[in-house]
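Take a look at the letters that make up each chain.
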Amino acid sequence: MTRDRARPRLAAFTPLLLDVVVPVAAYYALRLAGLNAVLSLVFAAVPTAGFLMYQAVRRRRLDALGAFVLALLAVGAATSLLTGSPEFLLERV
């Protein structure tokens, strides 16, 4: 396979990697490190939020779905931190 054919495939999997694999791995790593569930969920969501912001800056327009997901994440994180219950973050879907 040539490099020209490999780049589009890698580019297609980058959002999946940053939106799914990294947060899940970060959550489990933080839980293993002894952090509670709420903080682990909040900190594990940071890479996804950063990727959404990076895409918005790079494309110079805000993706409506990305903004909606980021808003849900922020509200869920704030509610979970105030109540101490991880269910608010987990029930956002």
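Here's a quick rundown of the structure. Remember, predicted model here, so these are calculated numbers, not experimental data.

Counting its regular elements, the chain contains five helices and zero strands. Across the chain, helices and strands are ordered from the amino to the carboxyl terminus as α-α-α-α-α. Looking at the chain as a whole, 23% of its 93 residues qualify as buried. Within the chain, residue pairs in contact and separated by at least 24 positions form 43% of the contacts whose partners lie at least 6 positions apart. As presented, the chain carries roughly 6,900 Å² of accessible surface, and 68% of it is formed by carbon and sulfur atoms.

A separate point is a nonpolar patch on the surface. A contiguous nonpolar surface patch, about 490 Å² in accessible area, is contributed by Leu17, Val20, Val21, Val22, Val24 and Tyr28. Judged by relative accessible area, Tyr28 falls into the exposed class, the value being 51%.

A separate point is helix H3 (residues 46-59). An ideal rise of 1.5 Å per residue puts 20 Å on 14 residues; H3 measures up with 20 Å between its terminal C-alpha atoms. Every buried residue belonging to H3 is among Thr48, Ala49, Phe51, Gln55 and Ala56, and all of these are buried. In a view along the axis of H3, the buried residues occupy a sector of 160°, so they form one face of it. Those residues of H3 that are exposed and angled more than 90 degrees off the buried face are Val57 and Arg58.

Here we take up helix H2 (residues 37-44). In terms of burial, H2 is largely enclosed, as six of its eight residues are buried. Taken residue by residue, H2 has Ala37, Val38, Ser40, Leu41, Val42 and Ala44 as its buried positions. The N-capping residue of H2, defined by a side-chain oxygen 3.3 Å from the backbone nitrogen of Val38, is Asn36.

With that settled, consider the environment of Ala49. As for its position among the elements, Ala49 is in helix H3. Look at Ala49 and you get buried, because its relative accessible area is 11%.

The subject of this paragraph is the environment of Leu81. On the secondary structure map, Leu81 appears in helix H4 (residues 64-83). Judged by its relative accessible area of 46%, Leu81 is partly exposed. Along the sequence, Leu81 and Val42 sit 39 residues apart, while their C-alpha atoms lie 8.6 Å from each other. Apart from residues lying up to four places away in sequence, Leu81 is in contact with Val38, Leu39 and Val42.

Along the chain, Ser40 turns up in helix H2. A distance of 2.9 Å separates the side chain of Ser40 from the backbone oxygen of Asn36, its partner in a polar contact.

Criteria and thresholds
- Each chain carries its own residue numbering, running from 1 in the direction its sequence is written.
- Where local features are concerned, this predicted model is filtered to residues with pLDDT of at least 70; where side-chain atom pairs are given and counted, the filter is 80 or more; whole-chain, interface and lining totals use all residues.
- Excluding hydrogens and water, the side-chain figures rest on all heavy atoms present in the structure.
- To qualify as a helix, a DSSP run of H or I must reach at least 4 residues; to qualify as a strand, a run of E must reach at least 2; elements of each kind are numbered from the N terminus.
- For each residue, the accessible area found with a 1.4 Å probe, counting protein chains only, is set against the maximum for its type, and the residue is called buried under 20%, exposed over 50%, and partly exposed in between.
- By definition, residues are in contact when any of their heavy atoms lie within 4.5 Å.
- Residue-level accessible areas treat just the shown protein chains as cover; the underlying method is Shrake-Rupley with a 1.4 Å probe.
- Patch definition: residues with relative accessible area over 30% and no salt bridge; like charges joined within 9 Å; nonpolar side chains (Val, Leu, Ile, Met, Phe, Trp, Tyr) joined within 5 Å.
- Here, a salt bridge means any Lys or Arg side-chain nitrogen found within 4 Å of an Asp or Glu carboxyl oxygen.
- Here, expected helix span is obtained from the residue count minus one, scaled by 1.5 Å.
- The arc in question is the one spanned by the directions pointing from the helix axis to the C-beta atoms.
- Polar contacts, as used here, are pairs of N or O atoms within 3.5 Å; protein pairs need one atom able to donate a hydrogen and one able to accept it. Residues neighboring in sequence count only if both atoms are side-chain atoms.

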